[in-house]
Amino acid sequence: TVGQMQVAMPHFNLSAGKMSKLGEGETIPVGNVSFGQKYVKLQKIGTGLKLTDEVVQFVALNLLSLYLQDVGVHMNNALDTLAVDTLINGDQSDNSEAAPVVGVATANTLVYRDLMQVLIRMNRLGRSPQAMLSDETMFMDIYNLDEFKAIGMREPLDTKLNGVTPMPKSLNFLIHGAMPDTNQVMFIDTTSALIKLNAQALSVETDRIAERQMQGTYITQTTGFASMFRDARVILDKSLAFSGNGFPSWMDVSAFENSLFRN
């Protein structure tokens, strides 16, 4: 819950915090941590219904009750769309918080290894994907990969490999029309990708226009979504080749692991 339409959120900048090899009596070098802030704008969404006294009196159906049920469905759909838009484009107008987009080994050809590559990289970065998100076309392409169709039908191997880097045992696969490209699927760590900011909870108000013998009901909510950690969601694009569209430099965990100690 927040108290205003524009929210300032902190983000931390870690620098010079690497470990150092120390000699006896040597001064321990000091790193530094700074923080900045970003602004996230919220917005009001809502709808309303006006009914004449004649409708209320002579129509057997309780139109207001049916309408409010339908509004709940549309309100949730609207919030889902806002959430997906933030997952894709981030919460800044310059797209500086947009999700990273990576390609596949061979453009326009999706194989199981392409999915594993994203899952492994996210896990090495400390993110645990629990969900995938795409439109219907990409969902069917992935669902029909041989590796998923053959689950439970393979013969066990004599030698079993226990991957130390954890891989998810299962993923929730969500479908939403706000995913703009039939070639894209997003991997999401649902614990770290988004935070929902509520400035005004769901409000239902009524009024009466006596001169027209009408009564109105209005539903509004002021809310929005903010990106928490940019690397908590990654978009895999089947139409792009990984050779030209790999992971961004800030997701290069191998370079980070090999530079933990100062010289």
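Throughout what follows, the structure given in this document is the object of discussion. (Residues numbered from 1 in each chain as written. Predicted model: local features only at pLDDT ≥ 70, side-chain atom pairs only at ≥ 80, totals over all residues. Heavy atoms only, no water.)

1. Focus: the packing of aromatic side chains
A full pass over the atoms with the stated rule returns four aromatic pairs. When the ring of F139 is compared with that of F173, the centres are 4.7 Å apart and the planes differ by 75°; the resulting orientation is edge-to-face. With F139 in helix α4 (residues 136-143) and F173 in strand β6 (residues 172-175), this residue pair connects regions lying 34 residues apart in the sequence. On the basis of relative accessibility, which here comes to 21%, the residue F139 falls in the partly exposed class. Where F242 meets F247, the ring centres are 5.7 Å apart and the plane angle is 70°; that geometry is what we call edge-to-face. Judged by its relative accessible area of 25%, F242 falls in the partly exposed class. (Phe/Tyr/Trp six-rings, centres within 6.5 Å; stacked < 30°, edge-to-face > 60°. Helix = DSSP H or I, 4+ residues; strand = E, 2+ residues; numbered from the N terminus. Buried < 20%, exposed > 50% of the residue type's maximum accessible area, 1.4 Å probe, protein only.)

2. Considerations on the pattern of salt bridges
For the structure on display, the rule yields three salt bridges. We note a salt bridge from D231 to R127, for which the minimum N-O separation is 2.8 Å. Of this pair, D231 sits in the loop between β9 (214-227) and β10 (233-241) while R127 is found in the loop between α3 (112-124) and β5 (131-134), placing the two residues 104 residues apart along the sequence. Judged by its relative accessible area of 15%, R127 is buried. Residues D141 and K238 are paired through a salt bridge, measuring 3.1 Å at the closest nitrogen-oxygen approach. With D141 in helix α4 and K238 in strand β10, this pair connects stretches of sequence that are 97 residues apart. Judged by relative accessible area, D141 falls into the partly exposed class, the value being 29%. Residue K238 is classed as buried on the basis of its relative accessible area of 14%. (Salt bridge = Lys/Arg side-chain N within 4 Å of Asp/Glu carboxyl O.)

3. What about the side chain of D231?
A relative accessible area of 14% means that D231 is categorised as buried. In this structure, D231 is in contact with M122, L125, R127, W250 and M251, ignoring residues within four places of it in sequence. (Contact = heavy atoms within 4.5 Å.)

4. Considerations on the environment of R113
For R113, the location among the structural elements is in helix α3. Residue R113 is classed as exposed on the basis of its relative accessible area, which comes to 57%. For the pair R113 and E147, spaced 34 residues apart in sequence, the C-alpha separation works out to 10.0 Å.

5. Some details on the sheet that holds β10
With respect to topology, five strands assemble into an open sheet ordered β4-β10-β7-β5-β6, the strand pairing being mixed. Of all the strands in the sheet, just β4 (101-104) and β6 have a single pairing partner and so form its edges. Averaged over all pairs of adjacent strands, the angle between their axes in this sheet comes to 30°, without regard to strand direction. Here β5 pairs with β6 via four bridges, running parallel. What sits directly across from A131, in β6, is N172. Strands β4, β7 (184-188) and β10 of the sheet are contacted by α3, whose axis makes an angle of about 150° with β10. (Pairing = 2+ DSSP bridges. Axes fitted to C-alpha atoms, helices over the stretch in contact; angles between N-to-C directions.)

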